[in-house]
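Examination of the molecular architecture
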Amino acid sequence: MAVVEVKPGVHWVGAVDWNVRQFHGATYSTHRGTTYNAYLVEGEKYTALVDTVHAPFTDVLVGHLESLIDLDKIDYVVVNHVEMDHTGALPKIMELCPKARIYCSRRAEEPLKQHFGDLGWDMTTVKTGDTLELGGKTIHFIEAPMLHWPDSMFSFIPEDKLLMPNDAFGQHLASSQRFDDEVDNAILMDEAAKYYANILLPFNALVARKIKEIVEMGIEFDTIAPAHGIIWRTNPNQIIEAYVNWSGGVETPGRISPEVVIVFDTMWNSTELMAEAICDELSVLGCRVNLYNIGKTDYSDIIREILEAKAVVFGSPTMNNAMLPSLSSLLDALKGLKPQGKLGAVFGSHGWRGGAVKQLASSLAEAGIDVLETGVEVTWVPDSEDIAACRDLARRLDEALKTK
Ligand code: FEO
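Residues numbered from 1 in each chain as written. Predicted model: local features only at pLDDT ≥ 70, side-chain atom pairs only at ≥ 80, totals over all residues. Heavy atoms only, no water.

1. Looking at helix 9 (residues 299-308)
An α-helix turns once every 3.6 residues. As a result, residues three or four positions apart point the same way. Of all 10 residues in helix 9, 9 are buried, a share of seventy percent or more. For helix 9, the set of buried residues is Y299, S300, I302, I303, R304, E305, I306, L307 and E308. (Buried < 20%, exposed > 50% of the residue type's maximum accessible area, 1.4 Å probe, protein only. Helix = DSSP H or I, 4+ residues; strand = E, 2+ residues; numbered from the N terminus.)

2. Examining the domain arrangement of the protein chain
In terms of domains, the protein chain is made up of domain 1 (4-247) and domain 2 (260-403). Listed as interface residues are 14 residues of domain 1 and, on the opposing side, 12 residues of domain 2. Counting the surface lost from both domain 1 and domain 2, the interface buries some 1200 Å², and carbon and sulfur atoms represent 58% of this. When residues of domain 1 are sorted by the area they lose upon contact with domain 2, A197, N198 and L201 head the list and together hold 34% of the total. For the pair domain 1 and domain 2, the interface holds 2 salt bridges. For K194, the salt bridge identified is with D301, shortest N-O distance 2.6 Å. For the side of domain 1 that touches domain 2, the secondary-structure elements that each account for two or more residues are strand 5 (28-29) and helix 5 (185-200). Here the side of domain 1 that touches domain 2 is composed, by residue class, of 7 nonpolar, 5 polar and 2 charged. (Domains from an automatic or database assignment. Contact = heavy atoms within 4.5 Å. Buried area = accessible area lost by both parts, 1.4 Å probe. Salt bridge = Lys/Arg side-chain N within 4 Å of Asp/Glu carboxyl O. Nonpolar A, V, L, I, M, F, W, Y, C, P; charged D, E, K, R; others polar.)

3. Thoughts on helix 8 (residues 270-284)
In this model helix 8 runs 21 Å from its N-terminal to its C-terminal C-alpha over 15 residues, within 8% of the 21 Å that 1.5 Å per residue would give. Of all the residues in helix 8, the buried ones are S270, T271, M274, A275, A277, I278, C279, E281 and L282. Directly beyond the C-terminal end of helix 8, a positive phi value near 95° is found at G286. (Expected span 1.5 Å × (residues − 1).)

4. Some details on the pairing of strand 14 (residues 153-157)
Of all 5 residues making up strand 14, 5 are buried, and the element is well covered by its neighbours. Burial along strand 14 is two-sided: the residues M153, S155 and I157 and F154 and F156 are all buried. Strand direction decides the pairing type here: strand 13 (residues 138-143) and strand 14, joined by 4 bridges, are antiparallel. Along strand 14, the bridge assignment pairs E143 with M153. Two strands pair when backbone bridges link them, and strand 14 and strand 15 (residues 162-164) are joined in this way by 3 bridges, in the antiparallel orientation. In the sheet register, S155 faces strand 15, and the bridge partner there is M164. The antiparallel pairing of strand 14 with strand 15 creates a hairpin that spans 4 residues between the two strands, and K161 there sits at a positive phi of about 50°. (Pairing = 2+ DSSP bridges.)

5. As for the pattern of salt bridges
Taken as a whole and judged by the stated rule, the model has 27 salt bridges. Residue D75 pairs with K99 through a salt bridge whose shortest N-O separation is 3.3 Å. With D75 in the loop between helix 1 (58-66) and strand 9 (76-79) and K99 in the loop between helix 3 (90-96) and strand 10 (101-105), the pair connects residues that are 24 residues apart, well separated along the chain. According to the relative accessible area criterion, D75 is buried, its value standing at 12%. Measuring nitrogen to oxygen at the nearest pair gives 3.0 Å for the salt bridge that ties K212 to E216. Of this pair, K212 and E216 both sit in helix 6 (residues 204-216), 4 residues apart, which is roughly one turn of the helix. For E216, a relative accessible area of 57% translates into the label exposed.

6. Some details on the environment of V62
When you line up the elements, V62 lands in helix 1. Using a relative accessible area of 9% as the deciding quantity, one classes V62 as buried. Along the primary structure V62 and R391 are separated by 329 residues, whereas in three dimensions their C-alpha atoms are 60 Å apart. In this view, V62 contacts L71, I93 and L96; residues no more than four positions away in its chain are not counted.

7. Quick word on the sheet that holds strand 9
The 7 strands are arranged 1-2-7-8-9-10-11 in an open sheet whose pairing can be described as mixed. Of all strands in the sheet, those bounded by a partner on one side alone are strand 1 (4-7) and strand 11 (123-126). Geometrically, the sheet is characterised by an average inter-axis angle of 25° between neighbouring strands, direction not taken into account. Across the sheet, helix 4 (residues 106-116) is in contact with strand 9, strand 10 and strand 11; its angle to strand 10 comes to roughly 120°. (Axes fitted to C-alpha atoms, helices over the stretch in contact; angles between N-to-C directions.)

8. Here's the deal with the packing of aromatic side chains
Considering all chains together, one arrives at 10 aromatic pairs under this definition. Geometrically, the ring pair formed by Y36 and F57 is tilted, given 5.4 Å between the ring centres and 45° between the ring planes. Residue Y36 is located in strand 6 (residues 34-36), and its partner F57 is located in the loop between strand 8 (47-50) and helix 1; the two are separated by 21 residues in the primary sequence. We note that Y36, like F57, is buried. On the numbers, 5.5 Å between centres and 50° between planes, the contact of Y196 with W246 is tilted. With Y196 in helix 5 and W246 in helix 7 (residues 236-247), this pair connects stretches of sequence that are 50 residues apart. Its relative accessible area of 2% is what places W246 among the buried residues. An aromatic cluster of three or more residues is present, and its members are Y46, Y76, Y103 and F141. Above the ring of W12, the side-chain terminus of R178 is found at 4.3 Å from the ring centroid. Stacked on the ring of F179, the Lys or Arg R233 has its end atom at 3.8 Å from the ring centre. (Phe/Tyr/Trp six-rings, centres within 6.5 Å; stacked < 30°, edge-to-face > 60°. Lys NZ or Arg CZ within 6 Å of the ring centre and 35° of its normal.)

9. Observations regarding the side chain of T47
Here T47 shows up in strand 8. When neighbours within four sequence positions are excluded, T47 is seen to be in contact with L40, V41, E42, I69, K73, I74, D75 and Y76.

Written out as structure tokens, the structure is:
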């Protein structure tokens, strides 16, 4: 990939990671890869590199920078966020840019030393309102704690109406193209939604507050250049409005999302029969419903669907007095993500002894989901009465959704 001009004097110098398929351990599937975006900002007097890249892509970043400038002419490196996908290349960059001074938030200073050791870097910590003058371009710093780490901050260049918010407004989407008008919008928004659901959902209130703060600051921008994925230059308001919606529990305008997401695992098909009966009854009632066997679906994809659903229904057989462990990772993730304003229902089957349904209800409640008081638990194989009870559960959920 070649460097790409984002604004006069501002170039994308990052790297495309076509083949990464897992992010943050195995918690986030990146079916479409990702990018690590870094930006070279050349002012009339000084030059700054905003963010770096994941360590394996250091040579790509260095090559991009060398195609534009002698590295010893870089005066500043802005670290908007300490996570390694944006700082992995920092030690090499600091070695190659001997006069560069690092600008970062106060919360980033110590973690940077803990990540890389105290290498004697010249570090300046900044807060909201502080600026860095480059000559004809001024970088304004805006702290953005918990979007998504305590150290996170945004950089903004008013002369270029350019916002560089690091992880916020990003997507894990590898592409030969850099801008929103050059890629399929439905794919772009879907990846942006998955990113929001899996990374920013616990911080809904902070997202809404930060966007309000930026609006009240009177910041004018026409381009949002995040640290992952595609740069929003044609309609940056599209992603701002989506964040306002997602943080308020509203689905993406124009997207027909599932209203109910059913997730289950099954041992000998009893729980699956129950899941299918609930799904069928909901669809008969006119609900849009998606059904997932957890053993066959990546759970970060399910979280993306839960973001815009109104209700979740979980089902499991009982094994060793508990739900199947295959559901635990998703439920643990939901406890951390705490999706707001969703209804829930539970069901399951058991042989000698139950336990899964009660545990599912308790896990969903811990995730902040308002679970229907009574679930359905059947013994061995569901008979016609059990299937009727599943259909009744679907009707009770539908009624609760209508009166919500
Ligand atoms: Fe929080 Fe893209 O790292």
